[in-house]
Amino acid sequence: MDVFRIEGPVRLSGRVPVNGSKNAALPIMAAAILAEGQSSLVSVPNLSDVRVFVELLKSLGCRVERQAQGDMLIDSTVIDNPVGDYEIVRKMRASICILGPLLARCGRAEVSMPGGCAIGDRPINLHVRGLRQLGAEIHLKNGYVIAEAPHGLTGASIFLGGSFGSTVLGTANVMMAATLARGRTVIESAACEPEITDLANCLNDMGARISGIGSPRLVIEGVGQLNPVRYTVIPDRIEAGTFMVAAAITNGELELTNCRLDDMMAVVDKLRSIGIAVESKGDGCTVVGTGKIIPADITTQPYPGFPTDLQAQFMALLALAQGNSLVIEKIFPDRFMHVAELNRMAADLRKEGPAVVVAGVEKLVAAPVMASDLRASAALVLAGMAAEGTTTINRVYHIDRGYERIEERLNPLGAKIRREKAP
Ligand code: EPU
């Protein structure tokens, strides 16, 4: 297992390109199941989560090939095993988004029920409810979700909201299944995340008829078949946001290329209120620390609100603010594994239910810390670059799930991050 040794404090400067979005790429890879033939995806990041998804697609019968950097060929001519195996699904919860496409393509799917994870319970009741409303029969057997629709799916009106708002992968699953259903499907309270918009655009390029894209009401007219596609995945707004905080927390100056500020209004607005200068430039932006971190209150919300996937990184930044901040988590109320670790680095964070009171401190101090989930680990890397001394982060595999060789991207900008084998 790898560890990071991070020397700080450093000041970052320079230019960094943002990769394709993990959370857009995964459901788009699943969408390739819907069309017989060879699809070609561009700007697919080379991450361990993507590699797990490749393993999953291959286990179904697809042929998958990585070509030039970022390009991926998925040949789904043959799908002869519509089963999401426990050994693969347990590595990555997003595997559940093969359920809808398999059901629509094969009339049957068995997918291991994903468990919870470090960020809390991860139920799939809304996915199941939506697919049932399309006519699927679904039951649970030996830890597997067994879904059947031998006579095909039929369009329906489906409300997909839950106690914590809309569901991103639930919307992906139901929308993908509905593209091949007979008649019209209306999804109300659909997730509006840019990754869902990207998936819907890709599906329409494949011949689907989806309207209302980007809104909470999607209307899908079922079609007889979808065709293979060549499609470019959008830039990763969470990676971009992480780099923005990297500039801010090191009082640095970064230019991000391949970054869509329009997808990041809540994040940019928050950075500006914290005292960070963010300006649009070319196909990206510049982010400049101003030497002052102003406290701020953050509440995570479904898009277009502030994303839960940047909550931990912003908490690391606010830990150094000149005053008190409040961070409220409304999507995953237990997503606070980073709190105790940041406190080991001399932050002053106090958790109260689904909220954390962040009392700003003058400096962070290096410590050995433990990565627990993807975004929590990113927060520790950010804190490590700002802290005095050498921070050791254990269990770096969590960060490799969502950031491609982050040390090789940050070191040319002035970071001092060494990847070592754990003793
Ligand atoms: N929920 C239900 N029932 C369901 C599904 C979800 O109650 O059937 C609840 C969840 O427990 C949560 C809320 O609804 O409280 C939202 O969960 P959602 O289904 O939207 O999450 P997801 O689709 O499983 C995706 C991202 C996550 C991101 C969330 C929220 C992918 C692969 N994953 O997960 O990304 O945090 O949306 O935006 O797209 C990450 O990249 O680090 C990550 C965890």
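Since we're looking at a predicted model, the values are computed, not measured. (Residues numbered from 1 in each chain as written. Predicted model: local features only at pLDDT ≥ 70, side-chain atom pairs only at ≥ 80, totals over all residues. Heavy atoms only, no water.)

Topic: the overall build of the protein chain
Counting its regular elements, the protein chain contains 14 helices and 24 strands. Taken against the 2.2 N^0.38 rule, which gives 22 Å for 423 residues, the C-alpha radius of gyration of the protein chain at 21 Å falls within 12% of a compact globule. Excluding contacts between residues fewer than 6 apart, the proportion of contacts in the protein chain whose partners are at least 24 apart in sequence is 73%. In the form shown here, the protein chain has an accessible surface area of approximately 16,100 Å², with 49% of it arising from carbon and sulfur atoms. (Helix = DSSP H or I, 4+ residues; strand = E, 2+ residues; numbered from the N terminus. Rg over C-alpha atoms; globule rule 2.2 N^0.38 Å. Contact = heavy atoms within 4.5 Å. Areas by Shrake-Rupley, 256 points an atom, 1.4 Å probe, with all protein chains shown as cover.)

Structural notes on the pattern of salt bridges
Per the counting criterion, the structure on display carries 28 salt bridges. Taking the shortest distance from any N to any O, the salt bridge between Glu 407 and Arg 419 comes out at 2.6 Å. You can see Glu 407 sitting in helix 14 (residues 406-410) and its partner Arg 419 sitting in strand 24 (residues 416-421), a full twelve residues away along the chain. When its relative accessible area of 5% is taken as the criterion, Glu 407 is described as buried. Accessibility expressed as a relative area gives 24% for Arg 419, which makes it partly exposed. The structure contains a network of salt bridges with shared partners spanning Asp 2, Asp 400, Arg 405, Glu 407, Glu 408, Arg 419 and Lys 421. (Salt bridge = Lys/Arg side-chain N within 4 Å of Asp/Glu carboxyl O. Buried < 20%, exposed > 50% of the residue type's maximum accessible area, 1.4 Å probe, protein only.)

Regarding the site of the ligand
Lining the immediate environment of the ligand, one finds 24 residues, of which Asn 125, Leu 126, Thr 167, Asp 309 and Ile 331 sit closest. Lys 22 is positioned with one of its side-chain polar atoms (N or O) 3.0 Å from an oxygen atom of the ligand. Between the ligand and the protein, one listed contact pairs an oxygen atom with a side-chain N or O atom of Arg 375 at 2.8 Å. Of all elements in the fold, only helix 1 (22-31), helix 5 (125-133), helix 6 (168-179) and helix 12 (374-386) reach the threshold of two or more residues within the shell around the ligand. Counting residues per element, the shell around the ligand draws most heavily on helix 5, at three residues. (Near = heavy atom within 4 Å. Polar contact = N/O pair within 3.5 Å; in protein donor to acceptor, adjacent residues only side chain to side chain.)

With respect to the sheet that holds strand 10 (residues 157-159)
Strand order in the open sheet formed by four strands is 10-11-13-12, with mixed pairing between adjacent strands. Each edge of the open sheet carries a strand with a single partner, namely strand 10 and strand 12 (209-211). Between one strand axis and the next, the sheet turns by 15° as a mean value, whatever way the strands run. As judged from the three bridges shared by strand 12 and strand 13 (residues 217-221), these two strands associate in the antiparallel manner. Bridge pairing in strand 13 links Ser 211 to Val 219. (Pairing = 2+ DSSP bridges. Axes fitted to C-alpha atoms, helices over the stretch in contact; angles between N-to-C directions.)

Quick word on the state of the cysteines
Defined simply, a disulfide is a covalent bond joining two cysteines at their sulfur atoms. By the definition in use, this model includes zero disulfides. Cys 192 forms no disulfide, and the closest cysteine sulfur to it belongs to Cys 97, at a distance of 18 Å. Assessed through its relative accessible area of 14%, Cys 192 is described here as buried. In this structure Cys 285 is a free cysteine whose sulfur lies 4.1 Å from that of Cys 259, the closest cysteine sulfur available. (Disulfide = S-S within 2.5 Å.)

Considering the packing of aromatic side chains
Working definition: an aromatic ring pair is given by the centre-to-centre distance plus the angle between the planes. In total, this model carries one aromatic pair according to the counting rule given. Ring geometry for Phe 306 versus Phe 314: centroids 4.9 Å apart, planes at 85°, classification edge-to-face. Overall, the relative accessible area of 0% leaves Phe 314 in the buried class. (Phe/Tyr/Trp six-rings, centres within 6.5 Å; stacked < 30°, edge-to-face > 60°.)

Quick notes on the packing of helix 10 (residues 311-318) against helix 12
Packing of helix 10 against helix 12 leaves a shortest axis separation of 7 Å and a crossing angle of 25°. Taken as axis vectors, helix 10 and helix 12 run roughly parallel relative to one another. Here helix 10 and helix 12 pass one another in a crossing that is right-handed. Contact residues: Ala 312, Gln 313 and Ala 316 in helix 10; Arg 375, Ala 376, Ala 378, Ala 379, Leu 382 and Ala 383 in helix 12. Looking at the contact of helix 10 with helix 12 residue by residue, the classes come out as seven nonpolar, one polar and one charged. (Parallel < 35°, antiparallel > 145°, perpendicular 65-115°, else oblique. Left-handed = near helix turned anticlockwise from the far one by under 90°. Nonpolar A, V, L, I, M, F, W, Y, C, P; charged D, E, K, R; others polar.)

Honestly, that's just the spatial picture; any functional story needs more than this.
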